[in-house]
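# An overview of the molecular structure
Okay, here's what each chain looks like letter by letter:
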Amino acid sequence: FYQAAMAQWTSQTLEVLFLWIARAGVLVLVYCGLQLLNLDQFFDDLHKPGGSKDLLVGTMGNPSHLGAYLACLLPLVLVRTGLRWKVIALFLVGLVTYMLMLDRTLGGTVATIGALAWCCWHWARRWFWWFLGAVGVIGFIAFTRTDILNNHGRFAAWTAFYDIFQKQPITGFGPVFIME
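Residue numbers restart at each chain and count upward from 1, following the sequence in its written direction. Restriction of local features to residues with pLDDT of at least 70 applies here, the model being predicted, together with a cutoff of 80 or more for giving and counting side-chain atom pairs; totals for whole chains, interfaces and linings are based on all residues. Excluding hydrogens and water, the side-chain values take into account all heavy atoms of the structure.

### Things to note about the overall build of the chain
Rules: To qualify as a helix, a DSSP run of H or I must reach at least 4 residues; to qualify as a strand, a run of E must reach at least 2; elements of each kind are numbered from the N terminus. Any two residues whose heavy atoms approach within 4.5 Å at even a single point are treated as in contact. Throughout, the Shrake-Rupley method with a 1.4 Å probe supplies accessible areas, and for residues the shown protein chains are the sole cover considered.
Broken down by element type, the chain carries eight helices and zero strands. When the helices and strands of the chain are read in sequence order from the N terminus, they spell out α-α-α-α-α-α-α-α. Summarising the internal contacts of the chain: among those between residues at least 6 apart in sequence, 53% fall at separations of at least 24. As displayed, the chain has an accessible area near 12300 Å², and 69% of this comes from carbon and sulfur atoms.

So, in structure tokens, the structure goes:
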């Protein structure tokens, strides 16, 4: 695949490819809109009592994966011209922001910061350092108050795995040790 892409693709090929990826992303946005309106047929337990605690999971069933995917779509949509793409970009930024506030997805947060940093660096370089400063302040607050992040017990697990690594760095204790 790599050799074929390097030998055959041109800048026009990439432009068409990125356009179709952005169009496919619009379909995911429509599906997310259906989930927000409680019209989803596949993940219909999202809004039921005792159902999933995540309100928006996209086609993948995971809010972290959806947040990262939508954040990766940001540059592909923001680079498009025309009123229609600007409206789509506004909806995409709003949906990613909604997911970060409501679902608190760590993957989506990191991907959004990366996508917006790339956009700032290439399109509004004078805002790049302000953006990094704001990300630094917000990141410091988020990591000092771990209740802000939806970690699903990850920080406790990572701490335990680090302790295990310090005791047995080469061989560890085996997979059964974690279950005990």
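That was the structure; now back to the text.
### Notes on the pattern of salt bridges
Which entries qualify depends on this criterion: Definition used for salt bridges: Asp or Glu carboxyl oxygen within 4 Å of a side-chain nitrogen of Lys or Arg. Note on exposure labels: buried denotes an accessible area under 20% of the residue type's maximum, exposed denotes more than 50%, and partly exposed covers the range between, all computed with a 1.4 Å probe on protein chains only.
The full count for this structure, using the stated rule, is one salt bridge. Across the salt bridge formed by Arg80 and Glu15, the nearest N and O atoms sit 2.6 Å from each other. Separated by 65 residues along the polypeptide, Arg80 in the loop between helix H3 (63-78) and helix H4 (83-102) and Glu15 in helix H2 (residues 11-36) bring together distant segments of the chain. Take Arg80: its relative accessible area is 8%, and that puts it in the buried class.

### Re the packing of aromatic side chains
We apply this condition: The aromatic pairing rule takes the rings of Phe, Tyr and Trp, using the six-membered ring of Trp, and pairs them if the centres are within 6.5 Å, calling planes under 30 degrees apart stacked, those over 60 edge-to-face and the rest tilted. Only when the NZ atom of a Lys or the CZ atom of an Arg is both within 6 Å of the ring centre and within 35 degrees of the ring normal do we say a charge sits over the ring.
This model, assessed by the stated rule, comprises two aromatic pairs. Ring centres 4.9 Å apart and planes at 75 degrees place the aromatic pair Trp121 and Phe128 in the edge-to-face group. Aromatic pair Phe128 and Trp129: ring centres 4.9 Å apart, planes at 80 degrees, arrangement edge-to-face. Each member of the aromatic cluster is reached from another via a ring pair, and the members are Trp121, Phe128 and Trp129. Here the basic side chain of Arg23 rests over the ring of Trp20, its NZ or CZ set 4.5 Å away from the ring centre.

### Points about H2
Here is the rule: Multiplying 1.5 Å by the helix residue count minus one yields the expected span of that helix.
If you check H2, its first and last C-alpha atoms are 37 Å apart, about what 26 residues at 1.5 Å a residue would give, namely 38 Å. For H2, the full list of buried residues reads Ala22, Gly25, Val28, Leu29, Tyr31, Cys32, Gly33 and Gln35. With its phi angle positive at about 65 degrees, Asn38 sits one or two positions after the end of H2.

### Digging into the nonpolar core
How we decide: Think of a nonpolar core as a cluster: buried Ala, Val, Leu, Ile, Met, Phe, Trp, Tyr and Cys residues, connected wherever their side-chain atoms sit within 4.5 Å.
Ranked by internal contacts, the top residues of the largest apolar core, which has 19 residues, are Leu66, Leu70, Val77 and Leu92. Here this core gets seven residues from one element, more than from any other, and that element is H4.

### So, H3
Taking 1.5 Å per residue, 16 residues should reach 22 Å; H3 reaches 22 Å between its end C-alpha atoms and fits that length. The complete set of buried residues in H3 reads Pro63, Ser64, Leu66, Gly67, Leu70, Ala71, Leu73, Leu74, Pro75, Leu76 and Val77.

### Considerations on the packing of H2 against H3
Geometrically, a packed helix pair is captured by the angle between its two axes and the distance between the axes. The cut-off we apply is this: Angles here are taken between N-to-C directions and fall from 0 to 180 degrees, while the axes themselves are lines fitted to C-alpha atoms, restricted in helices to the stretch in contact. For this classification, under 35 degrees means roughly parallel, over 145 means roughly antiparallel, 65 to 115 means roughly perpendicular, and everything else is oblique. By definition, any crossing whose near helix is turned counterclockwise from its far helix by less than a right angle is left-handed, and any crossing with a clockwise turn is right-handed. Each residue is assigned to one of three groups, with Ala, Val, Leu, Ile, Met, Phe, Trp, Tyr, Cys and Pro labelled nonpolar, Asp, Glu, Lys and Arg labelled charged, and all others, Gly among them, labelled polar.
Running from N to C, H2 and H3 point in directions that differ by 135 degrees, and their axes come no closer than 10 Å. Here H3 runs oblique to H2, going by the angle between their axes. The two elements H2 and H3 cross, and the hand of that crossing is left-handed. Two secondary-structure elements touch here, H2 through Phe18, Ile21, Ala22, Ala24, Gly25, Val28, Leu29 and Cys32 and H3 through Leu66, Tyr69, Leu70, Leu73, Leu76 and Val77. Class assignment of the residues belonging to the contact of H2 with H3 gives a composition of 13 nonpolar, one polar and no charged.

### Topic: the confidence of the model for the chain
Just so we agree on the cut-off: The predictor rates its confidence in each residue with pLDDT, a number between 0 and 100.
On average, residues of the chain score 76 in pLDDT, and 78% of them are at 70 or above. Within the chain, no element has a lower average pLDDT than helix H8 (residues 175-179), which sits at 62, and none a higher one than H2, at 85.

### Side note on the environment of Val57
Examined against the element boundaries, Val57 turns out to sit in the loop between H2 and H3. Residue classification places Val57 among the buried residues on the basis of a relative accessible area of 2%. Residues Val57 and Phe43, spaced 14 residues apart in sequence, show a C-alpha to C-alpha distance of 8.3 Å.

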